[in-house]
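Structural overview for review
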Amino acid sequence: MADDKDVLRDVWFGRIPTCFTLYQDEITEREAEPFYLLLPRVSYLTLVTDKVKKHFHKAMRQEDLEEMWFEYEGTPLKWHYPIGVLFDLHASNTALPWSITVHFKDFPERDLLHCPSNSVIEAHFMSSIKEADTLKHKGQVVNEMQKKDHKQLWMGLQNDKFDQFWAMNRKLMEYPTEDSGFRYIPFRIYQTMSDRPFIQKLFRPASPDGHTHTLGDLLKVVFPAAIPQDDEQKKYLVVVHGIEPLLETPVQWLSEHLSHPDNFLHISIIPAPSD
Amino acid sequence: MSTGLELVGFLLCVGSWLLTGASLGNDYWKVSTFSGSVIISNRQYENLWFSCAEDSAGITNCRDFESMLALPGYVQACRALMIISLLLGLVGIIVALMGLKCTKIGSASDETKGKIALSGGGLFILSGLSTMIAISWYATRVVEEFYDPFFGGIKFELGTGLYIGWGGGCLAILGGALLCCSCKRGDGRPPKSFYSPPGQGEKIYKTPLSTGTADSRAYHQRQFVCLAGHYSLASVICLRVGAMSGQGGQAVCPWKRHVAEQLKQRDRVQRQAFEEIIHQYNRLLEKSDLHAVLSERLQTDKFDHQNRHDLSKVTLCVLQSWAGRGRSETLLQEMAQIRIRHQEELTELHKKRGELAQNVIELNNQMQLKDKDIQTNEAQMLQYQRRISELESECRDLRGSLQDLERANQTLKDEYDALQITFSALEGKLRRTAEDNQELVSRWMAEKSQEANRLNAENEKDTRRRQAKLQKDLAEAAKEPLPIDPEDDIEVLQEDAAEGTGDTSPGRAISRTPSRRATQNPSGGLLDSISNIFGRRRSVSLSLDSAEPETHSGGCAEVRLPTTALHTFDAHDGEVNAVRFSPGSRLLATGGTDRRVKLWEVASGRCQLKGSLTGSNAGITSIEFDSAGSYLLAASNDFASRIWTVDDYRLRHTLTGHSGKVLAARFMLDNARIVSGSYDRTLKLWDLRSKVCMKTVFAGSSCNDIVCTEQCVMSGHFDKKVRFWDIRAESIVQELELLGRVTSLDLNHDRTELLTCSRDDLVKIIDLRSNAVRQSFSAQGFKCGADWTRVTFSPDGCYVAAGSADGTLFVWNVLTGKLDRALDKHHSSAINAVSWSPSGAHVVSVEKSSKAVLWSDI
């Protein structure tokens, strides 16, 4: 159990070193220094980049300021994905730090959602939690919570308070003793080369005969290609929080421990490096 | 679920608190019982604060228990317990309200809320217990008193307040239990997550780390699972696998270890490698920003700054040159002096400070003394105040007792006044009575003297007449030349002389007359005839009381015992109630239910109807002739008495006024007044001259018969009593009780004996002088038939005649007291009345059917 707690802490405190650089076409008054930052994996881009915004604002003319957006190697970064997912999906094979280009112009309306304030992030976050809880407990737990409990979850995330968040999130991770786990595992599988944003299906944590489902079972059902054949070399990496868990890992445990704060287990499937 | 339970518990608690309050305020803790009590119009009830009494009119009087300490211990305890219960309940409500899940008072977590609710529940249970104890204690006392046979006071029953209190107590305990229960449920549900609050969790996580081997770690893990009640699916799996394979815990879950290691690895690569660098970079960035800003500002300030610096340098130089002009020594000396002075001053000040400190100490001491004084004064004041309050209360008590005494005094005074008034009234009455008495005595004396004078005059007249007659006789005798035995003459003369000497006492003269006659009778008819003539004349001229004995005595010798029925005749249509001979014995009057009085002439052993007197509206009950035989008085059932004249059969007077049947009516001896007795339990005295009722006397019982002497009226009553009345006063002179209802009264000729007949079938003679029964007559077969059966004396008073219910006429001899005759066969029904003719020759009896029988000795 000590391990479980440590895992939670490690997951929560996972950081990605990032280097923000201003897009070269942006008009500046003076030279804009790149800005280095450790981004929390479980958080959202727009939630933690206030400093970045401030830093670059200094260098820019006030009248040129529009909504800030981020891009990595030509790909606009969706702020409504957790940062860890974005990194794993797009940049896990590159050298650190992760270099993100900051834009203040030409907002890609087709690719990105606007994020005028933190309340939008909060709404997105809470809806994710509710969706996850609907899958896990038919939404009972989250509905029984009071407004302040919801606030506590959000504030925990916003202020990076592990204890505050988990004091409430613990309830969401409970399940009836007579069951072997949640009703369904809330998970999302992302991949770079598909048009679909992510795969999401109903998946029970245990088979009807009581056998516990593992990550391998999940992938077998949802994305069979990700499982390497015996003789074959690994084509895909299955990455959660920047690590590759063993395929024998039970999905219930994964869901409880490696879920993001929005209670979803975000799994990225990326092609294995060819070298 | 638990929220609902909690809410229900809370509402129960609030309800219980209200009930407890209501119970404490309720009037009826115990109510006086009606069982075994006769008086149910009055009800008493009590509670902890006052006791009340309510009467049937709904008027309630309540009295507070004035002294708390004088109350019985259990009442005090009950009060205390009830109040404690209410306070606990109040605190409990507040606490439970804060502990409810649905409230948002404070930002406590669920566990804290649970604890608060638990404590609230505990408070309620305590409150309920104290209510129950108080109520049950009180109830026990009431029940004990009820069943205690030696308990002397009012017995009570359990009142409404007690039931309310029990309800409140039960609700409080129930509600408290629900609160506790709901809290426990919320707390006791085993959490399904491995995660626990940090404080608790760290303790749990740390312990297994301290143990060395994997085995023991697994063991400890299991132990901790049990101890803490926390488990997760993962750990369960781990433990299960570990138990099967017998390997260490870390080897058990390779995937978990893999994840942990990978995470560590990831952090090493991604986080730790860059953490410091990025941190330092940011600091540098900030610094450079700061520097940039600073440098800008420095640039602008540079010129100003330099100017100011130069100026300060110049002034410093000037000062130094000015000081260095050789006066430094004197300056130093002055400085030293100043220093010394200052030091002296300092020492002085120190001294002063010491003195002041001394002062402070002294003042402190003084202050302490004063404080002590104040304290003692305060204590004294307290004492005095207590004393004052004691005295005040004593004063109040005394005033109260004084008021009581005054009230008592007032009532005594009132009573005394009332008694005084009655006393004075009685005194006045006494005085009046005494005056009356005086007057009566004097009148009586006057009458007496008058009477004496009259008697004297009469005697004188008598002697004169006698002498005249004697002289005449003597002259006649002298004239007649008959030879007379001289001895006879002498004898007469002697007697006359004797009479002349004895003339002073009239009584003796009167009493002696019959004996003289008896002796004279055989000797010759002459004197006898003379005396007879005298007697007749006298009866007309003189008052009746002297005349009547004359006539009676005249008839006495002729009393003949009835032996045969001379004449049997039908007197009336229906019952014959009354019969009476006229004083002259020639006429007979009968009265019956046919509303008539009939007059019969008795001649040659037969009765011939002479006439009938009409006018009565109902049956006749009693008949009486006046002493001259000219008036006839009849009492009637129509509430009236009537008077007819005998000669012309005309109705003269009707005396109405009774409110019931008039059962008897008699002339007084002066013939001017009438006494009547009625079923309406009154006697009335009528004056014939003015024809009005003079007096009404309440006799107290229905009057069956009346007889009169000069001043005295005797009445025989339904209530077995013979009453003697003085007609001047309204009061009873005397009473005599017989054994049966008195039906008839009769007087003998000299009014010394009273004959009574009563329903105990005894005929009695009462001696009026001693007022005692002298003789009693009874006979086999004699039975008094009705309440108005009349009996009679013979004219000489030697016999008594009475009719029986079986139609037999009984005649007793007074002298021997034995039955002389029992004459039957002529009456067929009960004899109602018997009358003996004043001449003594005839007796007539009338019966219930219409017959009347005339008896004589022939």
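Residues numbered from 1 in each chain as written. Chains lettered and ligands numbered in written order. Predicted model: local features only at pLDDT ≥ 70, side-chain atom pairs only at ≥ 80, totals over all residues. Heavy atoms only, no water.

**Here's the deal with the overall build of chain B**
From N to C terminus, chain B includes 14 helices and 33 strands. Contacts spanning at least 24 positions in sequence make up 50% of the contacts within chain B whose residues lie at least 6 apart. Working note: accessible area of chain B is about 50,700 Å², and carbon and sulfur atoms make up 57% of it. (Helix = DSSP H or I, 4+ residues; strand = E, 2+ residues; numbered from the N terminus. Contact = heavy atoms within 4.5 Å. Areas by Shrake-Rupley, 256 points an atom, 1.4 Å probe, with all protein chains shown as cover.)

**Let's talk about the overall build of chain A**
Looking only at helices and strands, one finds 10 helices and 8 strands in chain A. In chain A, which comprises 275 residues, the proportion classed as buried is 56%. Nonlocal contacts in chain A, meaning residues at least 24 apart in sequence, comprise 70% of its contacts between residues at least 6 apart. Summed over all atoms, the accessible surface of chain A reaches about 12,000 Å², with 48% contributed by carbon and sulfur. (Buried < 20%, exposed > 50% of the residue type's maximum accessible area, 1.4 Å probe, protein only.)

**Things to note about the UniProt feature "repeat: WD" (unreviewed entry) in chain B**
Feature annotation in UniProt assigns "repeat: WD" (unreviewed entry) to the following positions: residues 569–610, 613–654, 655–696, 791–822 and 824–858 of chain B. Along residues 824–858 of chain B one finds 0% helix and 49% strand; the C-alpha atoms at either end are 16 Å apart. (UniProt positions renumbered as here; feature names shortened; annotations may be inferred.)

**A look at the sheet that holds strand E25 (residues 762–767) of chain B**
Residues and elements named next belong to chain B. As summarised here, the arrangement of the 4 strands in space is E23-E24-E25-E26, forming an open sheet in which the pairing is antiparallel. This sheet does not close on itself; its edge strands, each paired only once, are strand E23 (742–747) and strand E26 (772–777). Adjacent strand axes in the sheet meet at a mean angle of 25 degrees when their direction is disregarded. (Pairing = 2+ DSSP bridges. Axes fitted to C-alpha atoms, helices over the stretch in contact; angles between N-to-C directions.)

**Side note on the confidence of the model for chain A**
When pLDDT is averaged across chain A, the result is 83; 96% of the residues are at 70 or more. Model confidence for chain A, summarised as mean pLDDT per element, is weakest for helix H1 (residues 2–12) of chain A at 79 and strongest for helix H5 (residues 118–137) of chain A at 89. (pLDDT = per-residue confidence, 0-100.)

**Side note on the environment of Asp6 of chain A**
All names here are of chain A. Along the chain, Asp6 turns up in helix H1. By relative accessible area, which is 37% here, Asp6 ends up partly exposed. Separated by 251 residues in the primary sequence, Asp6 and His257 have C-alpha atoms spaced 9.9 Å apart.

**What about helix H3 (residues 50–59) of chain A?**
Three or more residues of H3 of chain A are buried, namely Val52, His55, Phe56 and Ala59 of chain A. Taken down its axis, H3 of chain A places every buried residue within 85 degrees of arc, on the same side. (Arc of directions from axis to C-beta.)

**Things to note about the packing of aromatic side chains**
The final tally for this structure, using the stated rule, is 27 aromatic pairs over all chains. Aromatic side chains Phe162 of chain A and Trp166 of chain A sit 6.5 Å apart centroid to centroid with 50 degrees between the ring planes, which places their arrangement in the tilted category. Linking Phe162 of chain A with Trp166 of chain A, this pair stays in helix H8 (residues 162–172), spanning 4 residues, or about one helical turn. Among the residues examined, Phe162 of chain A registers a relative accessible area of 3% and is labelled buried. Following the ring pairs from residue to residue traces out a cluster consisting of Trp12, Phe13, Phe162, Phe165 and Trp166 of chain A. Seen from the ring of Phe264 of chain A, Arg188 of chain A lies directly overhead, with NZ or CZ sitting 4.1 Å from the centre. Over the face of the ring belonging to Tyr679 of chain B we find Lys661 of chain B, whose NZ or CZ atom lies 5.2 Å from the ring centre. (Phe/Tyr/Trp six-rings, centres within 6.5 Å; stacked < 30°, edge-to-face > 60°. Lys NZ or Arg CZ within 6 Å of the ring centre and 35° of its normal.)

**Focus on the pattern of salt bridges**
Pairs may arise between side chains of opposite charge once their charged atoms sit close together. All names here are of chain B. With the rule as written, the count across this model stands at 35 salt bridges over all chains. The salt bridge involving Arg257 is made with Glu261; its shortest N-O contact spans 3.9 Å. Note that Arg257 and Glu261 are positioned in helix H9 (residues 254–323) at a spacing of 4 residues, about one turn of the helix. According to the relative accessible area criterion, Arg257 is partly exposed, its value standing at 42%. (Salt bridge = Lys/Arg side-chain N within 4 Å of Asp/Glu carboxyl O.)

**Side note on the packing of H5 of chain A against helix H7 (residues 147–158) of chain A**
Residue and element names in this part refer to chain A. Two numbers describe how H5 lies on H7: the axes approach to 11 Å, and their chain directions differ by 120 degrees. In terms of orientation, H5 and H7 fall into the oblique class. Between H5 and H7 lies a crossing of right-handed hand. In this structure, H5 contributes Asn118, Ile121, Glu122, Phe125, Met126, Ile129 and Lys130 to the contact, and H7 contributes His150, Lys151, Leu153, Trp154, Leu157 and Gln158. (Parallel < 35°, antiparallel > 145°, perpendicular 65-115°, else oblique. Left-handed = near helix turned anticlockwise from the far one by under 90°.)

**As for the pairing of strand E28 (residues 799–803) of chain B**
Look at any regular strand and the pattern is simple: side chains alternate between the two faces of the sheet. Residues and elements named next belong to chain B. Counting buried positions along E28 yields 5 of 5 residues, so the element is predominantly enclosed. Of the two faces of E28, the one lined by Tyr799, Ala801 and Gly803 and the one lined by Val800 and Ala802 are each fully buried. Sheet topology places strand E27 (residues 792–793) next to E28; 2 bridges connect them, and they run antiparallel. When the sheet's bridge partners are listed, Thr792 is paired in E28 with Ala801. Taking the residues that link successive antiparallel strands as the turn, the E27-E28 hairpin has 5 residues, and the phi of Gly797 there is positive, at about 80 degrees. In the sheet, E28 pairs with strand E29 (residues 809–813) via 5 bridges, with the strands oriented antiparallel. Across the sheet, the residue bridging to Tyr799 is Asn813, located in E29. Hairpin connection between E28 and E29: a loop of 5 residues separates the two successive antiparallel strands, and Gly807 in this loop has a positive phi of roughly 90 degrees.

**Examining a nonpolar patch on the surface**
Together, Leu126, Leu129, Ile133 and Trp137 of chain B make up an exposed nonpolar region whose accessible area comes to about 370 Å². Along the chain, the position of Trp137 of chain B falls in helix H3 (residues 110–147). (Patch = residues over 30% accessible without salt bridge, like charges linked within 9 Å, V, L, I, M, F, W, Y side chains within 5 Å.)

**Re the side chain of Lys598 of chain B**
Residue and element names in this part refer to chain B. Here Lys598 lies in strand E9 (residues 597–603). No salt bridge is formed by the buried Lys598, whose closest oppositely charged neighbour, Asp594, lies at an N-O distance of 4.3 Å. Of note is the side chain of Lys598, whose polar atom sits 2.9 Å from the backbone oxygen of Ala571. (Lys, Arg positive; Asp, Glu negative; His and termini not counted. Polar contact = N/O pair within 3.5 Å; in protein donor to acceptor, adjacent residues only side chain to side chain.)

**What to know about the confidence of the model for chain B**
Residues and elements named next belong to chain B. On average, residues of chain B score 80 in pLDDT, and 79% of them are at 70 or above. Confidence, read as mean pLDDT per element, is least for helix H5 (residues 198–210) in chain B (39) and greatest for helix H10 (residues 328–479) (93). The low-confidence segment residues 186–251, where pLDDT is below 50, has 86 contacts with residues more than four positions distant or belonging to other chains. Here residues 489–525 is a poorly scored stretch, pLDDT under 50, and it has 16 contacts once near neighbours within four places are set aside; other chains count.

**A short note on unusual backbone geometry**
Residues other than glycine seldom take positive phi values, yet His241 of chain A does so here, at roughly 55 degrees. Summarising the element assignment, His241 of chain A is placed in the loop between strand E7 (236–239) and helix H10 (251–257). A positive phi angle is found at Asn671 of chain B, which is not glycine, with a value near 60 degrees.

**Some remarks on the pairing of strand E7 (residues 576–581) of chain B**
Residue and element names in this part refer to chain B. Among the 6 residues of E7, 5 are classified as buried, and the element is accordingly described as predominantly covered. Of the pairings in the sheet, the one linking E7 to strand E8 (residues 587–592) comprises 5 bridges and is antiparallel in character. Bridge pairing in E8 places Phe581 opposite Leu588. Hairpin remark: E7 followed by E8, antiparallel, with 5 residues in the connecting loop; positive phi at Ser585, about 65 degrees.

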